[in-house]
Amino acid sequence: MFTRFELEIKTLKQLKDLASRYGIKAIGNPAYKTSWITSLMAFPVLAIQQVKEGRGLKSPTFVSFQALGTALDEMETPTLEQAALIKMTMEGRRMSYSDRYDQERLLNLHKAKLHIEQAINLINH
């Protein structure tokens, strides 16, 4: 991601700031530029290696993935009237105070369903 040349021309402070931006710590003595350069050059490769080893962030198990699909199926599809109310709510129109809670709940269910669909699509690709 970073070339050795682009890192070597930076000052120690610039290297520390760059590492801080990504949450990277120096490998070895932090008083030397080489420690920061090594860390900044190595972290992308280490991150991919950790994914391949199943450490840190990883895909959910098949059972967990199926549970997302089951939840999505249980949520079903909004009726025409529900879809119309969702659209009206997204346009900023609100019902009377007695029904507003249920209106917001319907909108939140719709948003949750969209997020679950998005999660499934992201995990599949």
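First things first, this report covers the structure right here in the doc.

The rules we used
- Residues numbered from 1 in each chain as written.
- Predicted model: local features only at pLDDT ≥ 70, side-chain atom pairs only at ≥ 80, totals over all residues.
- Heavy atoms only, no water.
- Helix = DSSP H or I, 4+ residues; strand = E, 2+ residues; numbered from the N terminus.
- Rg over C-alpha atoms; globule rule 2.2 N^0.38 Å.
- 1 Å grid on protein atoms, 1.4 Å probe; cavity = no way out; pocket = protein on both sides within 12 Å on 5 of 7 lines; lining within 4 Å.
- Points joined across faces, edges and corners; volume = space filled by probe spheres on them.
- Nonpolar A, V, L, I, M, F, W, Y, C, P; charged D, E, K, R; others polar.
- Buried < 20%, exposed > 50% of the residue type's maximum accessible area, 1.4 Å probe, protein only.
- Axes fitted to C-alpha atoms, helices over the stretch in contact; angles between N-to-C directions.
- Parallel < 35°, antiparallel > 145°, perpendicular 65-115°, else oblique.
- Contact = heavy atoms within 4.5 Å.

## Focus: the overall build of the protein chain
Counting its regular elements, the protein chain contains 6 helices and 0 strands. When its helices and strands are written in sequence order, the protein chain yields α-α-α-α-α-α. For a compact globule of 125 residues, the expected C-alpha radius of gyration is about 14 Å, and the protein chain comes in at 24 Å, more than 25% above that figure. Along the three orthogonal principal directions, the C-alpha set of the protein chain runs to about 65 × 35 × 20 Å.

## Description of the layout of surface pockets
Of the pockets and cavities examined, the largest pocket occupies roughly 180 Å³. The wall of the largest pocket is formed by M75, E76, T77, P78, Q82, I86, L106, L109, H110 and K113. Elements that contribute at least two residues to the lining of the largest pocket include exactly α5 (80–90) and α6 (97–124). Broken down by element, the residue count for the lining of the largest pocket peaks at 4 residues, all from α6. Of the residues belonging to the lining of the largest pocket, the class tally is 5 nonpolar, 3 polar and 2 charged.

## Considering the side chain of K113
For K113, the position within the fold is in helix α6. Residue classification places K113 among the buried residues on the basis of a relative accessible area of 15%.

## Some thoughts on the packing of α5 against α6
The geometry of α5 relative to α6 is characterised by a closest axis approach of 10 Å and an angle of 100° between their N-to-C directions. Judged by the angle between their axes, α5 and α6 are roughly perpendicular. The segment α5 lies against α6, with Q82, L85, I86, T89 and M90 engaging Q103, E104, L106, L107 and H110. Considered class by class, the residues forming the contact of α5 with α6 number 5 nonpolar, 4 polar and 1 charged.

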